[in-house]
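Chain by chain, the residues run as shown.
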Amino acid sequence: MDYMGSTSTAQYTRVGRQPQTSRDLPTIGTFDYRTSSAPPYSGLLTRSLSLPWRPSTFYRSARIETTQPLNTSTAQPFSPSNYLNNIDSVKVPPIFPSARQALYTRYTPKDWYNAQQTNYVASDKIRSAAERLRSDAIRLAREKDEQVFKNNLESSKRLGERINDIEYWKNELEKTKDKVKRKIDDVESKRREVERQLAETEKPLRIAQENLYEREKRQGIDLVHDGVERELIREIDTIKLNQQKLRQMLERLNTQNALNRAALHELERDANDKFRARVIDSAAHNIKTTSRGINFYHGIEGVDNTVSVPETWSRHSEENIRRALSELSQSDELLNASNQLMAQSNNDMWSQWNHVNVSLENRVQEEQIAKNKIQAHLEKILQEIFDVEQNIEFLKKTIADKEAFLQVAQTRLETRTRRPNVEACRDPAMNRLIQEIHDLHAAVTDLHGKLRQEENAVQHLLRTKSTLEQDLAIKNNSLFIDYDKVMGIRRTFTMAAPEKSSTTSVTFSHPRGLITA
């Protein structure tokens, strides 16, 4: 029976022999305290503190029967190997615990010293590690504080720079927006001027057309395509061409103003977005650790709702400003073109107006001269008729009988000569009236024959007289149309005359004198 020790209370339990796994004593430690560093904190203290006061592992109690005295020279030196080899054969008497504790030690003084040194070194190393950890923690806390403050200042700085950038672009947008607004007003004012001038061209056009319609009332040979008619047609073409150019310019001005308003809309929207962004960034810039309403928003750094980067952000405003400036440049060019077109159209119509008046004056003079000549010839014919009639009374009496019919036919013919415009047609009725006159003259000739030559002469004189009178009536009608009707409504230019021609006057001749308009 063996006694196995377990703890410092020296309680023993009677147990059977346990199998030994090793015959060698366990090593105290494989650590070289002079050349190596301290083992881990958990490993250093666990071995020394977890062992019992008197561990019984690898040790047994034995009964020894002494056959020789201890001081005998034949005694073999004690060694663990010899002890273990002979433990089965040796009979050891029972030993009490107190004696067992006194006779059998577990460690050597060197082991005890090494264990103490191990604990000291481990304590120093652990304390040094704790000090380093404490100093590293303080240093890390200070570094993180500095980093946090630096990051906060850097963020505030970047927010301030961003606010300055927003303010700069907002001011640029506001300046450009004011320019665009003024340019829109200028284009709108010019559009009204062009529209007013376009409306003013209607009156000269109506006058020129009325002049043509009035001159269509001319009769007989005076219904000629003369210089006045050509100038009037050219004036109408000029006015219509200028009207077309003014309408095109009006459309271009409307289109340009629409583009200007679109550019202004983009500028206003961009400026409003800049204003809102500045308010939001200013509010973010003013947030401090002592501000109210701050809170944790977990995962907010992972939310990316951005739609632009600084390059595209600034390029967006640059493009809006560049577009607005381009529209301003085009508006200036269009305004200059409008001024040139208005001045050119006014000059063209004024020049053509004067050309028509000059041609009309020349035509009136020609008609007046022709009228005077006809009147002179008519007076001579009348005098000759009077002289011949004194010698051919009988012929006159015969002719007088037929004059009633002749007068009817001639009156009808003369009456139909006053038909207006295209109604002055050489129709069958007119042909018939002319034929009737010829027939009357032929009848007179057939009735009297060739009895007297004076009759034929009188008839020729009367025919000539009728022709001259008709021609004289035509000339009077033409003079009435050209001078009273046409020239009467063309005495003043209905539009604003050009500055260089504002003092120009037109002089018309009249049978009774000169008239200056």
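Notes on the structure follow. These numbers come from a predicted model, not from an experiment.

### Examining a nonpolar patch on the surface
A contiguous nonpolar patch, built from Y297, I300 and V303 and spanning about 340 Å² of accessible area, is present on the exposed surface. On the secondary structure map, Y297 appears in the loop between α6 (227-285) and α7 (310-389).

### Digging into the nonpolar core
In this structure, L232, I236, L360, V364, M487 and F493 are the most contacted members of the largest nonpolar core, which totals 20 residues. Contributions of two or more residues to this core are made by α5 (202-215), α6, α7 and α10 (453-486). By residue number, the principal contributor to this core is α7, which donates six residues. Beyond its immediate sequence surroundings of up to four residues, I236 is in contact with L205, A208, Q209 and L212. Within the second largest apolar cluster, 13 residues are counted, among which are W169, L173, A263 and A271.

### Things to note about the pattern of salt bridges
Using the criterion set out here, one finds 35 salt bridges in the structure. Between R139 and E143 there is a salt bridge; the shortest N-O distance is 2.9 Å. With a gap of four residues between them, R139 and E143 both fall in helix α4 (residues 109-200), about one helical turn apart. Among the residues examined, R139 registers a relative accessible area of 42% and is labelled partly exposed. Judged by relative accessible area, which is 36%, E143 ranks as partly exposed. Notably, a salt bridge pairs K485 with E214, separated by 3.7 Å at the nearest N-O pair. Linking K485 in helix α10 with E214 in helix α5, this pair joins segments that are 271 residues apart in sequence. A relative accessible area of 19% places E214 in the buried class. Via salt bridges that share partners, R215, R218, D226, E229, R363, E366, E367 and D482 belong to a single interconnected network.

### Some words on the side chain of D270
Relative to the assigned elements, D270 resides in helix α6. What makes D270 buried here is its relative accessible area of 3%. Contact partners of D270, with chain neighbours within four places excluded, come to L173, H316, S317 and N320.

What counts, and at which threshold
Residues numbered from 1 in each chain as written. Predicted model: local features only at pLDDT ≥ 70, side-chain atom pairs only at ≥ 80, totals over all residues. Heavy atoms only, no water. Patch = residues over 30% accessible without salt bridge, like charges linked within 9 Å, V, L, I, M, F, W, Y side chains within 5 Å. Areas by Shrake-Rupley, 256 points an atom, 1.4 Å probe, with all protein chains shown as cover. Salt bridge = Lys/Arg side-chain N within 4 Å of Asp/Glu carboxyl O. Helix = DSSP H or I, 4+ residues; strand = E, 2+ residues; numbered from the N terminus. Core = buried A, V, L, I, M, F, W, Y, C linked by side-chain atoms within 4.5 Å. Buried < 20%, exposed > 50% of the residue type's maximum accessible area, 1.4 Å probe, protein only. Contact = heavy atoms within 4.5 Å.

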